[in-house]
Amino acid sequence: MNTPATRAERGRTARKLVPRSAHAVWIPSVDRPDPVAVLERQGRDRLPELLPIRYGRMSASPLAFLRGAAAVMAADLAAQPHTGLTVQLCGDAHLLNFGLYASPERSRSLHFDLNDFDETFLGPFEWDVKRLAASVAVAARENGHSEAKAHRAAGEAVTAYRTAMRRLARLGELEVWYASADADSLLPLVRSARHRRHVESSLTRARRRTSIQALGKLTEVVEGRRRIVHDPPLLEPAGASDMASLRKIFSDYRSTLSEERRLLLDRYRFVDAARKVVGVGSVGLRCFIVLLEGRDVDDPLFLQIKEARESVLEEHLPHGPYDHAGRRVVVGQRLLQAASDIFLGWMSGPQGRAFYWRRLRDMKSSADVAGMPPADLRAYARLCGTTLARAHARSGDRIAIAAYLGTADTFDQSVADFALTYADRTTSDHAALSAAIAAGVVTAAPGE
């Protein structure tokens, strides 16, 4: 019988396979692939004219490199023993992939949660924890914090994960499923007055990031008709062939929505579409935004259509339950987020490419970690660690994971040690990309 006691025993048994102290050790494998080669392999089927933007953005700093190098880190994590305690991973849980977004009921409340799911996949829980901790360590170093403070910040992210998971292990299923964090969770964590004002300003801006605000920023009136602006190469109107394809696949996407959401979507009409460059690691993937119009021109809805590829985790883990990459992203987001976008859907486009759809600019905002003092970075790291535990508890065996983690800080300190070691590797990998750009091996867009 799968009782809480037997589930906890499974977690304690996992300690024998991978002791918690073992997470401190990370030694690159002798056949570790060149990081630039990994990025080039990823770029083979991306839009070649956009790859210089990707490399330019990743070359900006070690943290920017880490953001775009999920595939590099996935291979590094896969080369180490893992616990076998599986959850729906974010797959790219660095600290800038957490943020604010509007609640589905469209109130003024904002949820704080994971907000990027392109790499989501079933895998060992500690992979997400290690990516989060490594990103905290890299961010701390870039902010000029000492090694001791960088280690402490990374460790506090993991401690928050462990303590949250142990608390969630004691709760009932519905309590875990409906657990969430809102914007009000942020302000009490900020100690410095300057950064408190910055967070308050960010919350205000997030609440303004609606379709109405996007209408003024992303569109213009041309010959009496509303059109998406032209800002190449970051935002370009869709060509005739792309426009025809988008109109066709719009109906396929519609079929993946529940009946009541199809009814809502049917009240909007297709107005315009454009190709948009987004993110760091995603640059080069096919991505479009679509402008829809509801009751009148002052009732817009912006949707984003983004190409979905095989997760960077898939080559290192057993085959997952979803053969369609877009569906994998959508289901992963619904599992990990406390409350998800009502317009999430998926479909296949030209040449069998997988895509997923979601709202654009739905009161979204991410933290600006650059320049955060040590106390504020630690507070933000704790919030991300707590949020990650809540996300994992929805799909994984929270009782087994909590038992594996235990009451001591052994796992916390071990992963913090790993984070600093991996931060060193990230700095070296970033330098390798910079050298490849200088040598002309890859081209980076100027100013990016």
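Residues numbered from 1 in each chain as written. Predicted model: local features only at pLDDT ≥ 70, side-chain atom pairs only at ≥ 80, totals over all residues. Heavy atoms only, no water.

Things to note about the overall build of the chain
What counts here: Going along the chain from the N terminus, every DSSP run of H or I of four or more residues is numbered as a helix, and every run of E of two or more is numbered as a strand. In this scheme, a residue with accessible area under 20% of its type's maximum is buried, one over 50% is exposed, and one in between is partly exposed, where area comes from a 1.4 Å probe on protein chains only. Surface accessibility in these figures is a Shrake-Rupley result with a 1.4 Å probe; residues are shielded only by whichever protein chains are displayed.
Counting secondary structure elements, the chain contains 16 helices and 13 strands. Buried residues in the chain amount to 57% of all 448 residues. By element, 52% of the accessible surface of the chain is carried by carbon and sulfur atoms, the whole surface being about 18700 Å².

Section: a nonpolar patch on the surface
Keep this limit in mind: Each patch is built from residues lacking any salt bridge and having more than 30% relative accessible area; the joining distance is 9 Å for like charges and 5 Å for nonpolar side chains (Val, Leu, Ile, Met, Phe, Trp, Tyr). Salt bridges are defined by distance alone: a side-chain nitrogen of Lys or Arg within 4 Å of a carboxyl oxygen of Asp or Glu.
A cluster of nonpolar side chains, contributed by Leu174, Trp177 and Tyr178, occupies part of the molecular surface with about 380 Å² of accessible area. On the secondary structure map, Leu174 appears in helix 8 (residues 173-178).

Things to note about the pattern of salt bridges
Any two side chains of opposite charge can pair, so long as their charged atoms come close to each other. Summed over the entire model, instances satisfying the criterion amount to 29 salt bridges. Here Asp76 makes a salt bridge to Arg32, at a shortest N to O gap of 2.8 Å. Here Arg32 lies in the loop between helix 1 (4-17) and helix 2 (35-42) and Asp76 lies in helix 5 (residues 70-78), a separation of 44 residues in the sequence. Grouping residues by exposure puts Asp76 and Arg32 together as buried. A salt bridge links Glu156 to Arg378; its shortest N-O distance comes to 3.6 Å. In this pair, Glu156 is assigned in helix 7 (residues 147-169) and Arg378 in helix 14 (residues 374-395), connecting sequence segments 222 residues apart. Across this residue pair, the class does not change: Glu156 and Arg378 are buried. Because the salt bridges share partners, they merge into one network encompassing Asp45, Arg286, Glu307, Arg309 and Arg353.

Here we look at the side chain of Ser311
Note the cut-off: Throughout, a contact is declared for two residues whenever any of their heavy atoms are within 4.5 Å.
Note that Ser311 resides in the loop between strand 10 (300-308) and helix 13 (325-336). Relative accessible area serves as the criterion here: at 2%, Ser311 is assigned to the buried category. Setting aside anything within four residues of it in sequence, one finds Ser311 in contact with Glu119, Thr120, Phe121 and Arg328.

Here we look at the nonpolar core
Filter applied, for reference: Nine residue types can take part in a nonpolar core, namely buried Ala, Val, Leu, Ile, Met, Phe, Trp, Tyr and Cys, and a core is a set of them joined through side-chain atoms within 4.5 Å.
Judged by nonpolar contacts, the single largest core of 99 residues is most densely connected at Leu95, Leu114, Phe125 and Tyr161. Here this core gets eleven residues from one element, more than from any other, and that element is helix 6 (residues 125-142). Of all hydrophobic cores here, the second largest spans 21 residues; its members include Leu292, Phe343, Phe355 and Trp357.

Quick notes on the pairing of strand 10
Consecutive side chains along a regular strand alternate between the two faces of the sheet. What counts, and what does not: The pairing criterion for strands is at least two bridges between them, as found by DSSP.
Within strand 10, nine of the nine residues are buried, leaving the element largely enclosed by the surrounding structure. Side chains Pro300, Phe302, Gln304, Lys306 and Ala308 of strand 10 all project onto a buried face; the interleaved residues Leu301, Leu303, Ile305 and Glu307 project onto the opposite face, where all are buried too. Hairpin geometry of strand 9 (residues 287-293) and strand 10 is characterised by an intervening segment of six residues between the two adjacent antiparallel strands. Two elements, strand 10 and strand 12 (residues 354-359), share six bridges in a ladder whose sense is antiparallel. Paired with Ile305 across the bridge in strand 12 is Trp357.

Examining the side chain of Asp397
Applicable threshold: Polar contacts here mean pairs of N or O atoms no more than 3.5 Å apart (in protein, one a potential hydrogen donor and the other a potential acceptor; neighbouring residues in sequence count only if both atoms are side-chain atoms).
Mapped onto the fold, Asp397 is located in the loop between helix 14 and helix 15 (398-405). From its side chain, Asp397 meets the backbone nitrogen of Ile399 in a polar contact 3.2 Å long. Setting aside residues no more than four positions away along its own chain, Asp397 makes contact with Arg7, Arg10 and Thr86.

What to know about the packing of aromatic side chains
This is how it is decided: Only centres within 6.5 Å qualify two rings of Phe, Tyr or Trp (six-membered ring in Trp) as a pair; their planes then separate them into stacked at under 30 degrees, edge-to-face at over 60, and tilted for everything else. The criterion is that NZ of a Lys, or CZ of an Arg, lies within 6 Å of the ring centre and within 35 degrees of the ring normal, and then a charge sits over that ring.
For the structure on display, the rule yields twelve aromatic pairs. Summarising the aromatic geometry, the rings of Phe125 and Tyr404 are spaced 6.1 Å apart at their centres and angled 75° between planes, so their arrangement reads as edge-to-face. Taken as a pair, Phe125 in helix 6 and Tyr404 in helix 15 lie far apart in primary sequence, 279 residues in all. What makes Tyr404 buried here is its relative accessible area of 0%. Taken together, a centroid distance of 6.1 Å and an interplanar angle of 50° make the contact between Phe250 and Tyr253 tilted. Taken together, the residues span about one helical turn, with Phe250 and Tyr253 both in helix 11 (residues 240-254) at a distance of three residues. Classification of Phe250 as buried rests on a relative accessible area of 15%. One aromatic cluster in this structure is built from Phe125, Tyr161, Tyr404 and Phe411. The positively charged end of Lys130 is found above the aromatic ring belonging to Phe418, 5.2 Å away from the centroid. Arg394 extends its terminal NZ or CZ atom over the ring of Trp177, reaching a point 3.6 Å from the ring centre.

Describing the environment of Gly239
Take Gly239: it is sitting in the loop between strand 7 (235-237) and helix 11. Owing to a relative accessible area of 34%, Gly239 belongs among the partly exposed residues under this scheme. Sequence separation of Gly239 and Arg275 is 36 residues, and the distance between their C-alpha atoms is 9.0 Å.

Let's talk about helix 14
This is how it is decided: Any helix carries an expected span of 1.5 Å times its number of residues minus one.
Its 22 residues place the ends of helix 14 32 Å apart at the C-alpha level, agreeing with the 32 Å of an ideal helix rising 1.5 Å per residue. Counting buried positions along helix 14 yields 17 of 22 residues, so the element is predominantly enclosed.

Things to note about the environment of Ser395
Tracing the chain through its elements places Ser395 in helix 14. The class of Ser395 is partly exposed, set by a relative accessible area of 31%. Apart from residues no more than four positions distant in its own chain, Ser395 is found in contact with Val87 and Gln88.

Looking at the sheet that holds strand 9
Hydrogen bonds along the backbone pair up the strands of a sheet, which may run parallel or antiparallel. Keep this limit in mind: Lines fitted to C-alpha atoms define the axes, with helix axes restricted to the stretch in contact, and inter-axis angles between N-to-C directions lie between 0 and 180 degrees.
Strand order in this open sheet of six strands is 7-8-9-10-12-11, and the pairing throughout is antiparallel. Of all strands in the sheet, those with a lone pairing partner are strand 7 and strand 11 (345-348), marking the two edges. Across the sheet, the mean angle separating the axes of adjacent strands is 30° when strand polarity is ignored. Summarising the sheet, strand 11 and strand 12 pair through four bridges and their orientation is antiparallel. Within the sheet, the bridge partner assigned to Met347 lies in strand 12 and is Phe355. Each of strand 10, strand 11 and strand 12 touches helix 13; the most contacted strand, strand 12, lies at about 35° to it.

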